[in-house]
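Residue-level structure breakdown
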Amino acid sequence: MRVAVLGVGLIGGSIGLAAREKLEGVEVVGCGRNPDNLQLALERGAIDIAVDSPEQALDGAELCFACGPVGALAQQLRSALAAAGPGCAVSDVGSTKGDLLAAIDDSRFIGGHPIAGSATAGVAHARADLFEGAVWYLTPHSRSQGLLYERLHRFVVDVGARPVAVEPETHDRLVAVFSHLPHVLANVLASQAAGRLLDHGEALRQVGPSFRDMTRVAGANTEMWADIYRANRTAIVEEIRDFRRELERVEQLLEAEATADWNDRARDDRRALLESAAAGGPVHELQLTVPNRPGIVAEVAVALGKAGVNIVDMALAPAPDMRSGAMTLWIAGDSAADRASELIEALGFPVARA
């Protein structure tokens, strides 16, 4: 399988390294405008071939990842889709999805966003294990081809990540609260502390580890984050408003000296979040027959993703007359398999558990 990577930085380079290490018979073609960066990607083993145009990169490709900055992704995807063949799945790794899905309407496109990265950037810091255990959001639209979705889903699983299908709006609201809002708060906290330093001089020089942890991402890559703030501004503003209301409630608790329950609940909430992320269990095989119509795979995958069901793997087999198809899902966890069966039957598709 030939995989095209447009933009070989930290994420693109890690996709290439992971693919070459974990998949058999894969060839990774890297495309970019910086020859020195492409040469470094070759030397590090992130790509097999370096090219300087999407047309060259997409020649014969079965899978393509657009890994450019958020602000450049729409044009990068248009170029990729113009060059891609009819059987090539085209995805991206951008951290916002609403504007992108509104701009790109092609049955070969499936939005994606791996929740992985580091404080460093560039292919020099790419790692084959970057996606191990990480959630990789997939945002198919109503026209996304089922067989191409299956190919992308399997690739994500093969490189060690956990694919989760969600709607674009849901994705943007989620990343606003667990990724974008923390950057906003880190910037505010760092600037507020700097202001206190001007007021009190050396007394604040020795900051504690909690402050360092909370401000680690303050002032991160301005070019990249300006694009993210612009693209996801609606969801970020909503989260800031919710956060402001919660801070006002905490202010009242502090004035009333009634913070014990609030603090305990925060500890319990954090534990629940961590336990949810680590959920697993035995794998169950679910078999269902679905009509062969556009968007049916996305419909099932998004319904399960919204319910927090982890699809470990999937397989599609169209019927000879192409009017229907067999869909097999492997679901981790007893309760998750029960929930998946109920949701699928609610969609109108009978389920058999092997």
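Here, the structure is the one placed above.
In this report, the structure presented in the accompanying data block is examined. All figures in this text were calculated on a predicted structure; none of them were measured in a lab.

1. Things to note about the environment of arginine 339
- Topologically, arginine 339 is positioned in helix α13 (residues 334-346).
- Sequence spacing of arginine 339 and valine 309 is 30 residues, and the spatial spacing of their C-alpha atoms is 7.7 Å.
- Leave out the neighbours within four places in its chain, and arginine 339 touches Ala307, Gly308 and Val309.
- Engagement of the side chain of arginine 339 in a polar contact is seen with the backbone oxygen of alanine 307, the distance being 3.3 Å.

2. Remarks on empty space enclosed by the protein
- Enumeration according to the criterion identifies one cavity of 30 Å³ or more in this entry.
- Of the voids in this model, the largest cavity is the one considered here, and its volume is about 40 Å³.
- Every residue lining the largest cavity is listed: Tyr149, His153, Pro163, Val164, Ala165, Ala301, Gly305, Val309 and Ile311.
- Sorting the residues of the lining of the largest cavity by element identifies α6 (146-158), β8 (162-165) and α12 (296-306) as the ones contributing at least two each.

3. Brief notes about the pairing of strand β11 (residues 324-332)
- Sheet topology note: the strand β9 (residues 283-291)/β11 ladder contains nine bridges and is antiparallel. By the bridge assignment for β11, histidine 284 is matched with isoleucine 331.
- Pairing of strand β10 (residues 311-318) with β11, which is carried by seven bridges, proceeds in the antiparallel orientation. Considered in β11, the bridge of alanine 317 is made with alanine 326.

4. Here's the deal with the packing of aromatic side chains
- Evaluation of the coordinates by the stated rule reveals five aromatic pairs.
- Look at tyrosine 137 and phenylalanine 178: their rings are 6.5 Å apart centre to centre, the planes differ by 25 degrees, and that puts the pair in the stacked class. Taken together, the positions of tyrosine 137 in strand β7 (residues 135-139) and phenylalanine 178 in helix α7 (residues 168-200) put the pair 41 residues apart, joining distant regions of the chain.
- Overall, the relative accessible area of 10% leaves tyrosine 137 in the buried class.
- Residue classification places phenylalanine 178 among the partly exposed positions, given a relative accessible area of 38%.
- Measuring from ring centre to ring centre gives 5.4 Å for tryptophan 225 and tyrosine 229, while their planes differ by 50 degrees; the resulting arrangement is tilted. A residue pair is termed a helical-turn pair when its members lie 3 or 4 positions apart in one helix, as tryptophan 225 and tyrosine 229 do in helix α9 (residues 222-231) at four residues.
- For tryptophan 225, a relative accessible area of 7% gives the class buried.
- Taken together through their ring pairs, the aromatic side chains of Phe65, Phe131, Trp136 and Phe155 make up a single cluster.

Cut-off values and rules
- Residue numbers here run from 1 along each chain, matching the order of that chain's written sequence.
- Given that the model is predicted, a residue must reach a pLDDT of at least 70 before its local features are reported, and side-chain atom pairs must reach 80 or more before they are shown or counted; all residues, however, enter totals for whole chains, interfaces and linings.
- For side-chain calculations, the full set of non-hydrogen atoms in the structure is used, while hydrogens and water are omitted.
- Only DSSP runs of H or I covering at least 4 residues are called helices, and only runs of E covering at least 2 are called strands; the numbering of each starts at the N terminus.
- Contacts were defined at the residue level, with two residues in contact if any of their heavy atoms lie within 4.5 Å.
- The definition of a polar contact used here is a pair of N or O atoms within 3.5 Å, where within protein one atom must be able to donate a hydrogen and the other to accept one, and adjacent residues in sequence count solely through side-chain atom pairs.
- Here a cavity denotes grid points, spaced 1 Å and computed from the protein atoms alone, that fit a 1.4 Å probe unable to get out, and a pocket denotes an open set having protein on both sides within 12 Å along at least 5 of 7 lines; residues with an atom within 4 Å of a point are the lining.
- Grid points are joined across faces, edges and corners, and a volume is the space filled by probe spheres set on the points.
- Two strands are said to pair when DSSP picks up at least two bridges between them.
- Classification of ring pairs rests on two measures: the distance between centres of Phe, Tyr or Trp rings, Trp counted by its six-membered ring, which must be within 6.5 Å, and the angle between planes, read as stacked under 30 degrees, edge-to-face over 60 and tilted in between.
- Each residue's exposure class comes from its accessible area (1.4 Å probe, protein chains only) as a fraction of the maximum for that residue type: buried when under 20%, exposed when over 50%, partly exposed otherwise.

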